[in-house]
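# Architecture at a glance
One-letter residues, chain by chain:
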Amino acid sequence: MKIIRVEAIPYAIPYTKPLRFASGEVHTAEHVLIRVHTDEGLVGVADAPPRPFTYGETQASVTGVIERIFTPHLLGLDVFSRERIHAVLHRTVGNPAAKSALDMALWDLAGQSCGRSVTELLGGWADRMRVSHMLGFDTPRRVVEEAERIRATYGISVFKVKVGRRPVRADLDVCRALRETLGDDVELYVDGNRGWTASESAAALRELDDLGLTLAEELCPADDVLGRRRLVRDCRVPFVADESATTSAEVTRSLLDGDATTISIKTARTGFTGSQHVLHLCEGLGAAVVMGNQIDGQLGTVCTVTFGAAHAASSQRAGELSNFLDMSDDLLTEPLTISDGTLAVPHGPGLGVVIDDDKLVRYRQDR
Ligand code: MUC
Ligand code: MG
């Protein structure tokens, strides 16, 4: 089955509620829909969410690299020659969201062509995952209100709280208000997106010690090499590397150097193929993983739950699968639903999703 055409379609869907965090904020999902067409008439899809503030990609860079650099070398290649396709992609450094979307669209095609879901092809461990909801910067009252609404509406009881602001007190107050209002039955953990120094992070963790947090993620930059190592060594909960360790090599260095003890896997930046490399590497090194969210829409979230539920090791912790709830609309004909705090993997074949053509016409930006 040969690749005959690749589409990279920029689209924009506003958020009803922007997400704010230490390294940026997102008001509109300015993503790129990737469609890989084959000579057998099958079309694989995936989503590329550029995150300029984290990886330097934009909608224009994603469409540009796909149309001008990758596609000319992909046309005519067999969908199942994934290693050869990756060799083409890896000649170019960077561009993680563009490369990952192409990889996941190929897996979608592989699943469609053999009539099985991608989650089965990857591992077939479970049919759903527990959901963790991400809470962005706001006042303690508003963050608590959001968490209560999310718990009441979707049954979610795991929350990742964005921290990394100055004064540090603003975030400490939010964490304490959440624990005091929601009680001990909810799981809380924090993500600083590199906003604090190592010493600010250490002081914050001391203040939060009695709250029973379960994870601390990217509180300070990994480039603060010694400070970060000291912080991780003294941290009483697993310390998660997210944007500081995105490739297998970075993950290896991060774990061996003591920059982190747990790894966030995001299919939006390592696709399915690269995410499996990272997962198996972590298993070999004895490090846990958490399925993260690159502020994905529903298609990206399908990819995360498809991968997370496929393996025992990636489905142990709740996956970050609910950022799409804050979008005003989406592209799938069958919207995702979270209930009892879980999200089911759509049934295949492939990713088991259909793009709503009318919505794509409404939101695409290239016509
Ligand atoms: C996270 O876990 O950091 C913020 C930036 C990004 O790329 O993902 C989010 C969530
Ligand atoms: Mg993070």
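Above this text is the structure in question.
Below: a short report on this structure.

Here is what the cut-offs are and how they apply
- Every chain's residues receive numbers from 1 upward, in the order its sequence appears when written.
- Chains and ligands are labelled sequentially in the order written, the chains with letters from A and the ligands with numbers from 1.
- Thresholds applied to this predicted model are a pLDDT of at least 70 for local features of residues and 80 or more for the giving and counting of side-chain atom pairs; totals over whole chains, interfaces and linings are not thresholded and use all residues.
- Computation of side-chain values covers all heavy atoms of the structure but excludes hydrogens and water.
- For Na, K and Ca the donor cut-off is 3.2 Å, while for other metals it is 2.8 Å, and in both cases only N, O and S atoms qualify; water is not among them, so sites may look incomplete.
- Helix and strand assignments come from DSSP, with helices taken as H or I runs of at least 4 residues and strands as E runs of at least 2, each series counted from the N terminus.
- The buried label goes to any residue with under 20% of its type's maximum accessible area, the exposed label to any with over 50%, and the partly exposed label to all in between, with areas taken from a 1.4 Å probe on protein chains only.
- Aromatic rings from Phe, Tyr and Trp, taking only the six-membered ring of Trp, are treated as a pair when their centres fall within 6.5 Å; an angle between ring planes under 30 degrees marks them as stacked, one over 60 as edge-to-face, and anything in between as tilted.
- By the convention used here, strands pair only if DSSP detects at least 2 bridges between them.
- Inter-axis angles, ranging from 0 to 180 degrees, are taken between N-to-C directions of lines fitted to C-alpha atoms, where helices are fitted over the stretch in contact.
- In what follows, residue pairs with any heavy atoms lying within 4.5 Å of each other are defined as contacts.

### What about the coordination of the magnesium ion (ligand 2)?
- For the magnesium ion (ligand 2), the full set of protein donor atoms is Asp191 (OD), Glu217 (OE) and Asp242 (OD), and the range of their distances to it is 2.0 to 2.2 Å.
- Mapped onto the sequence, the residues coordinating the magnesium ion (ligand 2) show the spacing D-x25-E-x24-D. Of this pair, aspartate 191 sits in strand E6 (residues 187–191) while aspartate 242 is found in the loop between strand E8 (239–241) and helix H10 (248–257), placing the two residues 51 residues apart along the sequence. A single burial state applies to aspartate 191 and to aspartate 242, both of which are buried.

### Some thoughts on unusual backbone geometry
- Along the chain, arginine 166 connects to proline 167 via a cis peptide bond; the corresponding omega equals 0°.
- With omega at 5°, the peptide bond leading from glycine 348 into proline 349 counts as cis.
- In this fold, proline 349 is placed in the loop between strand E13 (342–344) and helix H13 (357–363).
- Even without a glycine there, the phi angle at glutamate 218 is positive, about 40°.
- Structurally, the position occupied by glutamate 218 is in the loop between strand E7 (216–217) and helix H9 (225–234).
- What makes glutamate 218 buried here is its relative accessible area of 0%.

### What to know about the packing of aromatic side chains
- Counted according to the given criterion, the structure contains two aromatic pairs.
- Relative to phenylalanine 53, the ring of phenylalanine 21 lies with its centre 5.5 Å away and its plane at 65°, an arrangement referred to as edge-to-face. Of this pair, phenylalanine 21 sits in strand E1 (residues 3–21) while phenylalanine 53 is found in helix H1 (residues 52–55), placing the two residues 32 residues apart along the sequence.
- A relative accessible area of 29% means that phenylalanine 53 is categorised as partly exposed.
- With a centroid separation of 6.3 Å and 85° between ring planes, the pair formed by tryptophan 107 and phenylalanine 272 is classed as edge-to-face. Note that tryptophan 107 is positioned in helix H4 (residues 96–114) and phenylalanine 272 in helix H11 (residues 267–285), a separation of 165 residues in sequence.

### Considering the sheet that holds E1
- Strand order in the open sheet made by the three strands is E1-E2-E3, with antiparallel pairing throughout. Edge strands, defined here as strands with exactly one partner in the open sheet, are E1 and strand E3 (43–48). Between one strand axis and the next, the sheet turns by 20° as a mean value, whatever way the strands run.
- In the sheet, E1 pairs with strand E2 (residues 24–38) via 14 bridges, with the strands oriented antiparallel. Of the residues in E2, the one forming a bridge with glutamate 7 is arginine 35.
- Lying over the sheet, H4 contacts E1, E2 and E3, oriented at roughly 150° with respect to E3.

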